[in-house]
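# Architecture at a glance
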Amino acid sequence: MSLVIQDVSKRFGNFTAVNNLSLTVEEGQMFGMLGANGAGKTTTFRMTLGLLTPSEGEITWKGKKLGYKNSSLVGYLPEERGLYPKLKVADQLHFFGRLRGMKKKEIRKEIEDWLEKFQISDYRNKAIEELSKGNQQKIQFIASVLHKPELLILDEPFSGLDPVNVNLLKDEVTKLKEAGTTIVFSSHRMEHVEELCEKLCIMHHGSPVVLGKLKDIKRSHKVKHIVIHADFETSFLKSVPGVIHYKETVDSTRIQVADETVAKQIFQQVAQKGFVNKFEVEEPTLNDIFIEKVGKASA
Ligand SMILES: Nc1ncnc2c1ncn2[C@@H]1O[C@H](COP(=O)(O)OP(=O)(O)OP(=O)(O)O)[C@@H](O)[C@H]1O
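Reading guide: rules and limits
- Residues numbered from 1 in each chain as written.
- Predicted model: local features only at pLDDT ≥ 70, side-chain atom pairs only at ≥ 80, totals over all residues.
- UniProt positions renumbered as here; feature names shortened; annotations may be inferred.
- Helix = DSSP H or I, 4+ residues; strand = E, 2+ residues; numbered from the N terminus.
- Buried ≥ 20, exposed ≤ 12 C-beta atoms within 10 Å, placed from the backbone.
- Contact = placed C-beta atoms within 7 Å.
- Arc of directions from axis to C-beta.

The name an unreviewed UniProt entry gives the protein is ABC transporter ATP-binding protein, with Metabacillus arenae as the organism. If you open the UniProt record of the protein and go to Sequence similarities (unreviewed entry), you find "Belongs to the ABC transporter superfamily."

In structure tokens, the structure reads:
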């Protein structure tokens, strides 16, 4: 295990922002942190980076605590973006590169490569304040990866980007992962985590309510959706015990059921009734899981 968060809590006065969190991220893995506003994601990142000290527990990267001394191992895209508005793009990135101990020549090369990748080479000599929000975000991202960190922590990397730029950033993040970088990112968009992460945590009021590999989480989620295309009336299925939600659309019936046993019962009943064009038990989406788990935890 490379990143180990062990029994970590963080209190601000009487308020507990993170409550007994334990998780691990393996080297080269992409890990997603989900949670409503105020769930404790940013606080967890800040503790991981050594910017905040946990009230309890410990966080280590390859067995060592992270902090000022080994900060070049980590790249961080903070939620509150921290660029200097008056500085030119190249000067800004140069400054971050020097902070991470890079050589001038290497910094120049990396800056040129990254500006090219994000199609913003023409902005090299513009002041940050002259750039659009999306382009400023790209610069902030470049600042976090310029020094080729082993561990990359991205707080809401996709917020404020248009769909084209979201894809551009996703591609670059994926390439970094393929090159071996361990990546942890937070997002409010389930589909980003679903697409990119093997492992994830859903935080709620500082505690993990879902944690594990995406595949396992989906498999173990009991509530299932069934889609039926049949050329006969299906409304009799509404009264089958274990049916949570029943909806007919123009060409299909969608049913939410409590678990797989109910799905099997529905299959048997439908098969006896007549010809079925399609009967499919869909995997739950991360959105379904989030709503169920976070909703339940709130209740
Ligand atoms: N320095 C601080 N002093 C007091 N309370 C704090 C401090 N930092 C964070 N908190 C509180 O801790 C809780 C968790 O905040 P955190 O920023 O970690 O949430 P988050 O999951 O990142 O939320 P968001 O999605 O809105 O960014 C919030 O209720 C916040 O107000």
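Once you've had a look at it, read on.
## Re the overall build of the protein
When its secondary structure is counted, the protein shows nine helices and 13 strands. Judged by the C-alpha coordinates and their principal axes, the protein covers about 75 × 45 × 30 Å. Among the 299 residues that make up the protein, the fraction classed as buried is 33%. Sequence-distant contacts in the protein: of pairs separated by 6 or more residues, those separated by 24 or more amount to 69%.

## Some details on the UniProt feature "domain: ABC transporter" (unreviewed entry) in the protein
Residues given the UniProt feature "domain: ABC transporter" (unreviewed entry) here are residues 3-230. What you have in residues 3-230 is 34% helix and 29% strand, and the ends, taken at the C-alpha atoms, are 50 Å apart.

## Here's the deal with the environment of Met33
Tracing the backbone shows Met33 in strand β3 (residues 30-35). Once the C-alpha coordinates of Met33 and Ser187 are considered, the two residues, 154 residues apart in sequence, prove to be 6.6 Å apart. Sequence-distant contacts of Met33, defined by excluding residues within four places in its chain, comprise Lys41, Thr44, Val184, Phe185, Ser186, Cys201 and Met203.

## Some details on unusual backbone geometry
In this structure, Asn20 takes a positive phi of about 55 degrees despite not being glycine. Assignment of secondary structure puts Asn20 in strand β2 (residues 15-25). Phi is positive for His205, which is not a glycine, with a value near 50 degrees. Mapped onto the secondary structure, His205 falls in the loop between β8 (199-204) and β9 (207-213).

## Some points on helix α2 (residues 89-99)
Where α2 is concerned, the buried positions are Val89, Gln92, Leu93, Phe96 and Gly97. Along the axis of α2, the buried positions cluster into a sector of 135 degrees, meaning they face one direction only. Elements that come into contact with the buried residues of α2 comprise α3 (104-117) and α4 (133-145). Note on α2: the residue one or two positions beyond its end, Gly101, has a positive phi of about 80 degrees.

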